[in-house]
Amino acid sequence: MRTLPRWILLPAGLGALLVVLPLAAMALRVEWSDFWALITSESSLAALRLSLQTSLTSAAACVLLGVPMALLLARTDGRGMSLVRSLVLIPLVLPPVVGGIALLYTFGRQGLLGRHLEVLGVQIAFSTTAVVLAQTFVALPFLVLSLEGALRTAGTRYERAAASLGARPSRVLTHVTLPLVLPALLSGTVLSFARALGEFGATITFAGSLQGTTRTLPLEIYLQRESDPEAAVALSFVLMLVAVAVIALAHRRRSA
Amino acid sequence: MRTLPRWILLPAGLGALLVVLPLAAMALRVEWSDFWALITSESSLAALRLSLQTSLTSAAACVLLGVPMALLLARTDGRGMSLVRSLVLIPLVLPPVVGGIALLYTFGRQGLLGRHLEVLGVQIAFSTTAVVLAQTFVALPFLVLSLEGALRTAGTRYERAAASLGARPSRVLTHVTLPLVLPALLSGTVLSFARALGEFGATITFAGSLQGTTRTLPLEIYLQRESDPEAAVALSFVLMLVAVAVIALAHRRRSA
Amino acid sequence: MSLVLRAAVAERHVELDLEVGHGETLALVGPNGAGKSTALSLISGDLRPSSGSVSLDGRILADEGTWVPPHDRRVTTLSQDPVLFPHLSALGNVVFPLRAQGVPRGDARRRALEHLDALGLAGLAARRPAQLSGGQAQRVAIARALAADPRLLLLDEPMAALDVDVAPALREQLRGFLAGRTAIVVTHDVLDALSLAERVVVLEQGRQVDAGPTTEVLARPRSAFAARLAGLNLVAGRWDGHRIELEGGGRLSAKSPLVPGTAVLAAFRPAAVRLAEQGLPRTVHSLTPHGDLVRVRTEDLAADLSPQDAAARHLAPGTVVHLAVAPEDVKTYLA
Amino acid sequence: MSLVLRAAVAERHVELDLEVGHGETLALVGPNGAGKSTALSLISGDLRPSSGSVSLDGRILADEGTWVPPHDRRVTTLSQDPVLFPHLSALGNVVFPLRAQGVPRGDARRRALEHLDALGLAGLAARRPAQLSGGQAQRVAIARALAADPRLLLLDEPMAALDVDVAPALREQLRGFLAGRTAIVVTHDVLDALSLAERVVVLEQGRQVDAGPTTEVLARPRSAFAARLAGLNLVAGRWDGHRIELEGGGRLSAKSPLVPGTAVLAAFRPAAVRLAEQGLPRTVHSLTPHGDLVRVRTEDLAADLSPQDAAARHLAPGTVVHLAVAPEDVKTYLA
């Protein structure tokens, strides 16, 4: 602190205000008398239920697919791997709407895979599966990134020690590697869950907005914003609480 | 590699496919014969111009506000700071639509600040300023996070050495601290630019979709998706190239 | 023989020919980069030989066509870092190798407790590695390595990270456990080599340059590194009955029953060297604290002086000095 | 006096009373935690005293009401880590303090080059710190510290991180630069204290326990740490004309011209101590390599034995030994 010039307090305070003020303004607008009724209306409940269900499924998919990816990226070297890492990170900076378009041209009726699935009678676009795919697509890099970092930090010395004590690779993975990075795995899962829960652009583009099937909370809030602003604010407040909880959780993990 | 069980290759490959296949599918759908015409149509050019202009402004705002915030967070300790850090990170996991709602209730006509600005004749919601505010709100944590990490890693020993050599705090900041974290500052700026460029949910909620004023590229793609799918794909491809470039840039910075 | 290592690693310019008998402990010493780590990596399975083979108790571990992965070699490494699994208790760490070999849970627990008990650690079984001192952690690591029941134990500077107060007691314990086991100990510490190993092999630049019973190699070193480990100056020359004509020029008086005209090696302690008006002319290369004394290193010889002497003479690199040593302090033996 | 430090830091239990004269170099020695770092932090401005004051050339730097920030103190620290700014060339690093003091660009460059030249670094001016060796980097750091033209230079173990081949030459250079400058050097190295400082202050547990001309303090130590630095055993007792009745019990033969009945201190080298049938009974606490010898530490005395001796006797912590020393090896002086 002593080495910082004082004038930086002004822009820093402005930046903090830009973040904190909107959250406070929204919290002030919640109609507390109707709050319970608003978030338990039929359409709100349907969106809540769908969001919870799809986000949990997506988080599980991220763990299933992302843990092996992170392991390979962290434990394999070579020029090829850095290209793979770059590819895996793309959904992190790709506009979600573009991700939605890309998914549409893959799993949509006319899509690369979709047209073959159509023949088999399977239709993915505009279904709950599409929501899960869209959420997994955008959330996967969060899990891979935080786990890969933790795996690199942990290094291979425990794994080499385990092998030197006679443990087979599968046993090393389940009894040494994963327990060691458990905090990062948990916070990565929480982050990917949060990213899935907030997904909007890719979902609305690839899955549309059918109540009970693809209309998740962010879509419900977007649609209610003009027709029923009180409901939109109440649901926004709920998602804000989730965001705060996620930050608190991920933060506690990091400092632990 | 030797310590990893072989079976993880299957889920890892599936995960990689989930990311790579949609990108490939989209690239395959680009109509190369019309590509140039599609991305230089009046509405496309308006969206491109607006996106570039707002994203660059947002990235600059992120640097102006975020660098002082990162400095304070990295160089000050205390219980208060960890709360501030958590608040600053909220936009990272807050659904952008919720962020848009929050901004609307702050800067909108009826908003906490908006109603006072309205008296002064200033209207922010549904203007280009709203787009910049929405983008800055969601992109700020990217810059703060990557810079704070680099500042903590760099430590204070160079700053203490500079003070011991007689340099005043402002000189230490401009001649020692910032040059030392320049790579992280650049990659943080690039990331926040990318996040601003892809912004969709907060923008459409808070700024709406007026051609030339608030309709950025992601909004244009979303709207064209059904009326003019070729144009949507062409613009999506452009944004995908930007994403790849951003990843390559940020990656080169990290390995350098 | 238990271990037979006859292998080369071309890109590291290392070519090794080592054997360790059943129940024998071999000390492997040499300067940094001499090939000690390469030897251990070849045996543990962290590195493939570019030619040659490694075999243990008659089973080929690695050659051109064969490759046994590390977990299947029955070779366990104990390094200066105990590498205890931080998410397991001390007991859980010792249970780990037993469970990995398929020992049933209850049985593994009982045997792990016995191992901890043998090292005086029974009271610490429930502790996490973070709650153990450095010496306790290293003893848990020893218990864990013994629980793995390896055919060959590799000790890679096992005391190097321990507090000086803890090392001697642990060294004595380790001596007990190594009796009857096949082991290789890599060390820079002459006390480790003397207390733990019956035989020593000296490596320099990827090749074996000296070998034999530990006390013999240290008493009559034949390589620069063995001489340094034993703390002796070593010179080679020809004995003329009164003096040694040194290979590099100059003469050194000595007393020796050897036949005049034979090629000899001569060893003497740096503390026996003094600065004189006449003597072997040498240029100072470096001065380093050495115990309470200052070690003055020249091209080939070292002298230990008091700090007061060194400071008073303003010795610095480049100063020319004349070194002398009393004939009765020079030990001679056949080259 | 140039520096006057009379200050306490209550939470570290440190209470200091130091003075350094104009142009004098003072060595500050003591075990870890004795308060050396606290003293430097109080002077450099990294720490506020809880009471007392720090003043330099008559200007109060810190007391209850005053606080001069570090950049405004004209005190420059040189530590074992050169902390060269990695984004600047060697020249840029030396230019930095000159520019910070407002020296015009061209002038600063010229003076920085002179400083580099004085340390034989003119050819390396364009190099980045990453392209410098450890010794070169530390010399650039010295040039940079001299360019800051401090009223007081703090040297915090300036050689500790250097290769043993490089330290002596740098020590001689530093000796030249310190002539006529006011400086404090914190060190664990007896050679640093002897070559760089005229006067030494010994700290133990936050207090000054011994002080005086460097050679005097090391020849007749009055504190446990000074004795350790000089490499001597130190005991206190009463001289009866033939023997010293030790404070802790037991007797030690010596030769001394002192008047019988006086309280004396006696110092002798660990290498002069031998294991005997009769002698002072002591319990072995630790064995550590010490140069070529093994240092055996007991409750209060140390003995240096050959590794062969120590291994042959199976010395380990807990072994009871009897220590003897020849009377002519014991140096006595008034307590």
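Calculation criteria
Residues numbered from 1 in each chain as written. Chains lettered and ligands numbered in written order. Predicted model: local features only at pLDDT ≥ 70, side-chain atom pairs only at ≥ 80, totals over all residues. Heavy atoms only, no water. Pairing = 2+ DSSP bridges. Helix = DSSP H or I, 4+ residues; strand = E, 2+ residues; numbered from the N terminus. Axes fitted to C-alpha atoms, helices over the stretch in contact; angles between N-to-C directions. Expected span 1.5 Å × (residues − 1). Buried < 20%, exposed > 50% of the residue type's maximum accessible area, 1.4 Å probe, protein only. Least-squares fit on C-alpha atoms with pLDDT ≥ 70 in both. Contact = heavy atoms within 4.5 Å. Lys, Arg positive; Asp, Glu negative; His and termini not counted. Salt bridge = Lys/Arg side-chain N within 4 Å of Asp/Glu carboxyl O. Polar contact = N/O pair within 3.5 Å; in protein donor to acceptor, adjacent residues only side chain to side chain. Domains from an automatic or database assignment. Nonpolar A, V, L, I, M, F, W, Y, C, P; charged D, E, K, R; others polar. Patch = residues over 30% accessible without salt bridge, like charges linked within 9 Å, V, L, I, M, F, W, Y side chains within 5 Å. Areas by Shrake-Rupley, 256 points an atom, 1.4 Å probe, with all protein chains shown as cover. Parallel < 35°, antiparallel > 145°, perpendicular 65-115°, else oblique.

Side note on the sheet that holds strand 3 (residues 25-29) of chain C
Residues and elements named next belong to chain C. Spatially, the 6 strands line up as an open sheet ordered 6-7-8-3-9-10, and their pairing is mixed. This sheet does not close on itself; its edge strands, each paired only once, are strand 6 (75-79) and strand 10 (207-213). For this sheet, the mean angle separating the axes of adjacent strands, direction not counted, is 20°. Where strand 9 (residues 199-204) lies against strand 10, 6 bridges are found, and the strand directions are antiparallel. Residue pairing in the sheet places Val202 in a bridge with Asp210 of strand 10.

Details of helix 5 (residues 96-107) of chain B
All names here are of chain B. Taking 1.5 Å of rise per residue, 12 residues should cover 16 Å, and helix 5 covers 16 Å from first to last C-alpha, within 8% of that figure. Of all 12 residues that make up helix 5, 12 are buried, and the element is covered over most of its length. Of the residues making up helix 5, those classed as buried are Pro96, Val97, Val98, Gly99, Gly100, Ile101, Ala102, Leu103, Leu104, Tyr105, Thr106 and Phe107.

A few points about the relation of the copies chain B and chain A
Superposing chain B onto chain A takes a rotation of 180° plus a shift of 0.0 Å along the axis, which leaves an RMSD of 0.0 Å. What the rotation and shift describe, once combined, is the action of a two-fold rotation axis. Of the C-alpha atoms belonging to chain B, the one lying closest to the rotation axis is found on Gly201 of chain B, 3.2 Å away. When the interface residues of chain B are mapped onto chain A, 100% of them again fall at the interface, so both copies present the same face.

Section: the side chain of Arg73 of chain D
All names here are of chain D. In this fold, Arg73 is placed in the loop between strand 5 (59-62) and strand 6 (75-79). It turns out Arg73 is buried and unbridged, and the closest side chain with the opposite charge, Asp46, is 8.2 Å from it. Only 3.0 Å separates the side chain of Arg73 from the backbone oxygen of Leu42, close enough to count as a polar contact. Within the local environment of Arg73, its side chain forms a polar contact with the backbone oxygen of Ile43, the two atoms lying 2.9 Å apart. Each residue touching Arg73, except ones within four places of it in the same chain, is listed here: Leu42, Ile43, Ser44, Gly45, Leu56, Arg59, Leu61, Ala62, Trp67 and Val68.

A closer look at the domain arrangement of chain C
Residues and elements named next belong to chain C. According to the domain assignment, chain C contains domain 1 (3-227) and domain 2 (232-334). Computed over C-alpha atoms, the centres of domain 1 and domain 2 are 37 Å apart. The interface of domain 1 with domain 2 comprises 8 residues on the first partner and 7 residues on the second. The interface formed by domain 1 and domain 2 contains 4 residue pairs in polar contact (both at pLDDT 80 or more). Considering only residue class, the side of domain 1 that touches domain 2 consists of 5 nonpolar, 1 polar and 2 charged.

Digging into a nonpolar patch on the surface
Residues and elements named next belong to chain A. Judged by side-chain polarity, Leu10, Leu14 and Leu17 come together as a nonpolar surface patch covering roughly 320 Å² of accessible area. Structurally, the position occupied by Leu17 is in helix 1 (residues 9-29). Under the relative-accessibility criterion, Leu17 is labelled partly exposed at 47%.

Things to note about the packing of helix 3 (residues 42-75) of chain A against helix 1 (residues 9-29) of chain B
Following both chains from N to C, one finds helix 3 of chain A and helix 1 of chain B inclined at 105°, their axes separated by 7 Å at the closest point. On the basis of their axis angle, the class for helix 3 of chain A and helix 1 of chain B is roughly perpendicular. Of the residues in helix 1 of chain B, those in contact with Leu64, Leu65, Pro68, Met69 and Leu72 of chain A of helix 3 of chain A are Leu9, Pro11, Ala12, Leu14, Gly15, Ala16 and Leu18 of chain B. For the contact of helix 3 of chain A with helix 1 of chain B, the residue count by class is 11 nonpolar, 1 polar and no charged.

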